[in-house]
Amino acid sequence: MSELNTQIIANLVAEMARSHPDLDVLTFEDNGAEEIRTYRDLWQNGLRIAGALKSRGIKQGERFAILMQNHPEFVEAMVASAILGTVFVPIDPRTKGEKLAYMLRDSGCVGAICGDYALSSLMECAASVPSLHWCFVIGPQIADYPRNGTLAILGLRSFLAGAVPELTVAVQSESEPMQLMYTSGTTGDPKAILVRHARFGAVSMHGEALFGYRPGDRPYTGLSLTHGNAQFVTLAPSLKMGLRAVFSRKFTKSRMWDVMRKYDCTSFCLLGGMVTAIYSEPRKPNDADNPARLVISAGMPAAIWEDFAKRFGVDIIEFYGAVEGGMTIKPADKGPIGSCGQVVPGLIAKVVDDDGNEVPRGTPGEILFRPANGLPSTVEYFNNSEAAAKKTEGGWLHSGDIVIMDDDGWVFFQHRKGGGIRHNGEFLNPAFIEKVLAEHPAIDDVHVYGITAKSGAPGEQDVVAAVVAAAGVDFDPGAIFAWCQSRLETNMIPSFIQLLPELPKTASEKIQPRFLLEKFENEPDGIYHR
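Everything numeric here is computed off the predicted structure, so don't read it as measured data.

Colleague: Sorry, what's going on with the sheet that holds strand E17 (residues 347-352) here?
Modeller: Strands belonging to one sheet form pairs held by backbone hydrogen bonds; the direction of such a pair is parallel or antiparallel. In spatial order, the strands read E17-E18-E19-E20; together these four strands make up an open sheet with antiparallel pairing. The open sheet has two edge strands with one neighbour each: E17 and strand E20 (411-416). Strand-to-strand twist across the sheet, computed as the mean angle between neighbouring axes with direction ignored, equals 45°. Direction of pairing for strand E18 (residues 365-371) relative to strand E19 (residues 397-405): antiparallel, over a ladder of four bridges. Among the inter-strand pairings, glutamate 366 is bridged to a residue of E19, identified as isoleucine 402.

What follows is the structure, encoded as structure tokens:
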């Protein structure tokens, strides 16, 4: 019997189901309720879902959407897809309207697996997606939805209660496509990044070497499995190492520490917008009384870095990366505070100006990556070879991010290209402003961004602080401005406060600036001028 290629998720789960069948490798919690999956569960349910998909006539290489929050069926559908040799398309279940229709049409999905809470959005756009023929639904509301035109709607859990079919894993090589993962599309139509099985297999082996996991660790995340972070930083290493990971149905900052204490979680993942939200929670005497030893962060503001680590009693591993490729990492015990690390082994990087010329160390510029072996960088955008060619022009992966690299190779992220805030001739660091605002007791969440300056000065921007008020606290804009005035340099005080019920975020908790700008321009209620 030949050895299984465990870079393919179905083979990895099958192998672990043979060697560790009863290990409760994944726990999915939702406000106190929990669903636990052993390796045996994942393998057998993966086979059941594969049988369900096969019953609808899906063929090898065809695509289907996964439109749900963090349910165990998400991972089981990933396994099922590898068994059949199909390609899954993870989509944030909050996506709706033309954006959802575009992603389904662009990827040519023939069907979908979705949570019942996302079914109405799927049904509304189904008529404009000719390729879409069926939908398996998770949740009790399936009886409320009859057949929708040509869209057959079925309950998935009836299949999960059935017999386990005998199927052979169709994927033979890690070079075969695994999924299409869409970019956030904050500046235009989302692009579908083709992720091959080799990528998932490779990151599954990063747990100890890059992310600092140890045998016996218990990782936690509330990030969505529709995003690369949850899949690559938490799920893949946990499946490979048997780390008994815990997933919340969705990120909730108010419950995060309670969940981690309940399950004795030793590490957790954070992205930039989440850090400020957690930091803005009122301080408690037991903040450091938690089982976590490690935070794997992408976007820890230097302004709160040391205070965050001390307050919660954690070490911080900071990294930078994108699904398209390119990565830096800063171990907890090395490098300067505020850096997102050095380029990982196997890659080289350079920092260039707008004309593509390499800049001196310490000078801001766009960071570019390529393999250290001299081969050119490659990116595959499904149905968009022109964008892929532009992304890898000259054999380098163009990140679109402005950084500073010091003499020792430590990288400091500055801003997205074209995304800095230039106010009164100075470039401002929003993190310092966000830190001050997050410490105000009336503010529950905050994001600082720039708008075209009312003065009309070329390249100048006014500063806007988009805030969410804390529950049960009277919100006084004048007091907020006074708070900033007493704690910030004059040039950093926001020109406007934008009060919102919540901040618009992607599945990866990334702020969506264009929606903030739309609300600023079209919804004057809640805008307060300094």
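On we go from here.
Colleague: I tried to follow unusual backbone geometry on my own but got confused; where do I start?
Modeller: Keep in mind that most residues, glycine aside, have a negative phi and that most peptide bonds are trans. Unusually for a residue other than glycine, asparagine 31 sits at a positive phi of about 55°. Positive phi, normally seen in glycine, also occurs at arginine 244, with a value near 55°. Inspection of the secondary structure puts arginine 244 in the loop between helix H8 (228-241) and strand E11 (245-248).

Colleague: Can you help me understand the pairing of strand E6 (residues 134-138) in this one?
Modeller: The buried count for E6 comes to five of five residues, which makes it a mostly enclosed element. Covered by surrounding structure in E6 are Trp134, Phe136 and Ile138 together with Cys135 and Val137, the residues of both alternating faces. Sheet analysis places strand E5 (residues 111-115) next to E6, joined by five bridges and oriented parallel. Following the sheet pairing, cysteine 114 is matched in E6 by valine 137. Viewed along the sheet, the connection from E5 through helix H5 (residues 116-126) into E6 turns out right-handed. In the sheet, E6 pairs with strand E7 (residues 152-155) via four bridges, with the strands oriented parallel. Paired with valine 137 across the bridge in E7 is glycine 155.

Colleague: Teacher, can you tell me more about the nonpolar core here?
Modeller: Soluble globular proteins: nonpolar side chains tend toward being buried together. Within the largest apolar cluster, 134 residues are counted, with the highest numbers of intra-cluster contacts made by Leu26, Trp43, Ile113, Phe268 and Phe308. Counting residues per element, this core draws most heavily on helix H3 (residues 72-84), at nine residues. What isoleucine 113 contacts, discounting residues up to four positions off in sequence, is Ile49, Leu53, Phe64, Ala65, Ile66, Leu67, Met68, Ala77, Phe136, Ile138 and Leu156. Counting 28 residues, the second largest nonpolar core, distinct from the first, contains Leu67, Met103, Leu122 and Met123.

Colleague: Is there a simple way to think about the packing of helix H2 (residues 39-55) against H3 in this case?
Modeller: When two helices pack together, their arrangement is captured by the angle between the axes and the distance separating the axes. Between H2 and H3, the least distance of the axes is 7 Å, while the angle of their chain directions is 65°. Like other packed secondary-structure pairs, H2 and H3 cross with a definite hand, here right-handed. Taking contact as the criterion, the partners of Asp41, Leu42, Trp43, Asn45, Gly46, Leu47, Ile49, Ala50, Leu53 and Lys54 in H2 are, on H3, Glu73, Val75, Glu76, Ala77, Val79, Ala80, Ile83 and Leu84.

Colleague: Just to check I follow, could you spell out the pattern of salt bridges for this structure?
Modeller: Pairs can form between side chains of opposite charge once their charged atoms are near each other. According to the stated counting rule, one finds 20 salt bridges in the structure shown. We note a salt bridge from aspartate 444 to lysine 253, for which the minimum N-O separation is 2.8 Å. With a gap of 191 residues between them, aspartate 444 in strand E23 (residues 443-452) and lysine 253 in the loop between E11 and helix H9 (256-263) connect regions that are remote in the sequence. What makes aspartate 444 partly exposed here is its relative accessible area of 25%. Residue classification places lysine 253 among the buried positions, given a relative accessible area of 13%. A salt bridge links arginine 311 to aspartate 287; its shortest N-O distance comes to 2.8 Å. Placement of arginine 311 in helix H11 (residues 305-312) and of aspartate 287 in the loop between helix H10 (272-279) and strand E13 (294-298) is noted, with a sequence separation of 24 residues between them. Here arginine 311 matches aspartate 287 in class, with each residue buried.

Colleague: Before we go on, may I ask you to explain the packing of aromatic side chains in this structure?
Modeller: The geometry of an aromatic ring pair comes down to the distance between the two centres and the angle between the two planes. One pass over the full model with this rule turns up twelve aromatic pairs. The cationic tip of arginine 311 hangs over the ring face of tyrosine 279; the distance from NZ or CZ to the ring centre is 5.7 Å. Between arginine 370 and the ring centre of tryptophan 396, over which it is positioned, the NZ or CZ distance is 5.2 Å.

Colleague: Help me understand the environment of leucine 294 in this model?
Modeller: Considering the arrangement of structural elements, one finds leucine 294 in strand E13. Here the alpha-carbon distance between leucine 294 and aspartate 315, two residues 21 residues apart in the chain, equals 4.8 Å. Contacts of leucine 294, omitting those with residues within four sequence positions, involve Phe211, Gly212, Thr266, Ser267, Phe268, Val314, Asp315 and Ile317.

Reading the values: rules and limits
Residues numbered from 1 in each chain as written. Predicted model: local features only at pLDDT ≥ 70, side-chain atom pairs only at ≥ 80, totals over all residues. Heavy atoms only, no water. Pairing = 2+ DSSP bridges. Helix = DSSP H or I, 4+ residues; strand = E, 2+ residues; numbered from the N terminus. Axes fitted to C-alpha atoms, helices over the stretch in contact; angles between N-to-C directions. Buried < 20%, exposed > 50% of the residue type's maximum accessible area, 1.4 Å probe, protein only. Right-handed = clockwise from strand over helix to strand, strands pointing away. Core = buried A, V, L, I, M, F, W, Y, C linked by side-chain atoms within 4.5 Å. Contact = heavy atoms within 4.5 Å. Left-handed = near helix turned anticlockwise from the far one by under 90°. Salt bridge = Lys/Arg side-chain N within 4 Å of Asp/Glu carboxyl O. Phe/Tyr/Trp six-rings, centres within 6.5 Å; stacked < 30°, edge-to-face > 60°. Lys NZ or Arg CZ within 6 Å of the ring centre and 35° of its normal.

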